[in-house]
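Inside the fold
Here is how the chains run, residue by residue.
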Amino acid sequence: MNELWVIVPAYNEEHGITATLAALAGQRDRDFTVLVVDNNSTDATVKVVRDFALAHPEPRIEIVTEERKGTGAAADTGMRHAIAAGATRLARTDADCLPAPDWIARIRAAFDSGLRLVSGQLIPRTDEGVSLLDRTVVRVALEVASQFGKLRPGNQDPRYLGPYVMTPGCNMAITAELYEAAGGFPRTAIEELHEDRALVNAVRTLTTDYGLRRDVRVYGSNRRVKAWGVRKTLAWYADHRYKPEQVDIR
């Protein structure tokens, strides 16, 4: 049984999840298990995953279902399923993301260096028809948000043992023991809470063994930028200051 599992929450991703699974199957280090958590999809997501798994024996791919709506709920179900199956190291990406070919190898190296929570570098995808200018604005905004996060009042507390590190849920890894000690991802919907930020702040009350590794790279989807534009997308990520009627953009 692999000690490293990759958790992939998925909701109605029949058109995009194949690319994510192909990126995972193309890892240089394939000694891991993929767990897709179907968040009660109404399309053919589960069939697409099963068909891919049949055609690609490595890495091993499993599927579980979480009916409660939310990235936090789905990710937490996946993490705890993996731990129950013997996982000691957990990674997460999302079903619209493309991990770099050395993603697993870099995560493993970060763990071996002593980190218990690994924050990776999120880079906008280039294959979705979004302009270079918009992608550049998003990338700069991510860097600004990362620095601002260290100063914002919501990330300040005497209980915290170390500085805030912005950790995207689609590009992070954590040891099983720390995940459980920190209480895991809040079982929330994406519009309710940034579950990745909540987990990081819980970790900060327990240890300083966490950090950013820019060589742990994932290319994230720009589909919200296409649907909402850059300004509204950035407002959405800034504590949901933009509240769209439709959150789950497909």
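Preceding this section is the structure that the text describes.
Below, the structure is looked at part by part. (Residues numbered from 1 in each chain as written. Predicted model: local features only at pLDDT ≥ 70, side-chain atom pairs only at ≥ 80, totals over all residues. Heavy atoms only, no water.)

Remarks on the nonpolar core
Short version of the rule: By nonpolar core we mean a set of buried residues, namely Ala, Val, Leu, Ile, Met, Phe, Trp, Tyr and Cys, connected to one another through side-chain atoms within 4.5 Å. A 1.4 Å probe rolled over the protein chains alone gives each residue an accessible area, and that area as a share of the maximum for its type sets the label: buried under 20%, exposed over 50%, partly exposed in between. Each helix corresponds to a stretch of at least 4 residues labelled H or I by DSSP, and each strand to a stretch of at least 2 residues labelled E; elements are numbered beginning at the N terminus.
The biggest cluster of nonpolar side chains holds 29 residues, and the ones touching the most others in it are V6, I17, L21, V34, V36 and W103. Elements that contribute at least two residues to this core include exactly β1 (4–10), α1 (17–25), β2 (33–38), α2 (45–55), α4 (103–112) and β8 (210–220). Per-element tally for this core: the top contributor is α4, with five residues. Core analysis: the second largest hydrophobic core is formed by 27 residues, L35, V37, M79 and A82 among them.

Thoughts on the sheet that holds strand β5 (residues 98–99)
The criterion, for reference: The criterion for strand pairing is that DSSP finds at least two bridges linking the strands in question. Residue contacts follow a heavy-atom distance rule, with two residues in contact if any of their heavy atoms lie within 4.5 Å. Axis definition: a line fitted to C-alpha atoms, over the contacting stretch in the case of helices. Angles run 0 to 180 degrees between N-to-C directions.
Spatially, eight strands are ordered β3-β2-β1-β4-β7-β6-β8-β5 in an open sheet, and the strand pairing comes out mixed. Only two strands of the sheet have a single neighbouring strand rather than two, namely β3 (60–65) and β5. In this structure, strand β4 (residues 89–92) lies alongside strand β7 (residues 172–175), joined through four bridges in antiparallel fashion. Each residue of the ladder has a partner; that of L90, found in β7, is I174. In the packing of α2 onto the sheet, the strands contacted are β1, β2 and β3, and the crossing angle to β3 comes to about 160°.

Topic: unusual backbone geometry
For the bond running from E58 to P59, omega is -5°, close enough to zero to count as cis. Of note, P59 is situated in the loop between α2 and β3. In this structure, N12 takes a positive phi of about 50° despite not being glycine. Within the fold, N12 resides in the loop between β1 and α1.

Quick notes on the packing of aromatic side chains
Keep this limit in mind: Put simply, two rings from Phe, Tyr or Trp (the six-membered ring, in Trp's case) pair if the centres are within 6.5 Å, and we call them stacked under 30 degrees between planes, edge-to-face over 60, tilted for the rest.
For the structure shown, the criterion picks out one aromatic pair. Aromatic pair Y179 and F185: ring centres 5.8 Å apart, planes at 65°, arrangement edge-to-face. Relative accessible area serves as the criterion here: at 0%, Y179 is assigned to the buried category. Here F185 falls in the buried class, since its relative accessible area comes to 2%.

Here we look at the pattern of salt bridges
Test applied: We count a salt bridge whenever a side-chain nitrogen from Lys or Arg sits within 4 Å of a carboxyl oxygen from Asp or Glu.
By the definition in use, this model includes 19 salt bridges. Here R108 makes a salt bridge to E3, at a shortest N to O gap of 2.7 Å. With R108 in helix α4 and E3 in the segment before β1, this residue pair connects regions lying 105 residues apart in the sequence. For D157, the salt bridge is made with R159, and the minimal N-O distance between the two is 3.1 Å. When its relative accessible area of 53% is taken as the criterion, R159 is described as exposed. Salt bridges sharing common partners tie together E66, D76, R80 and R187.

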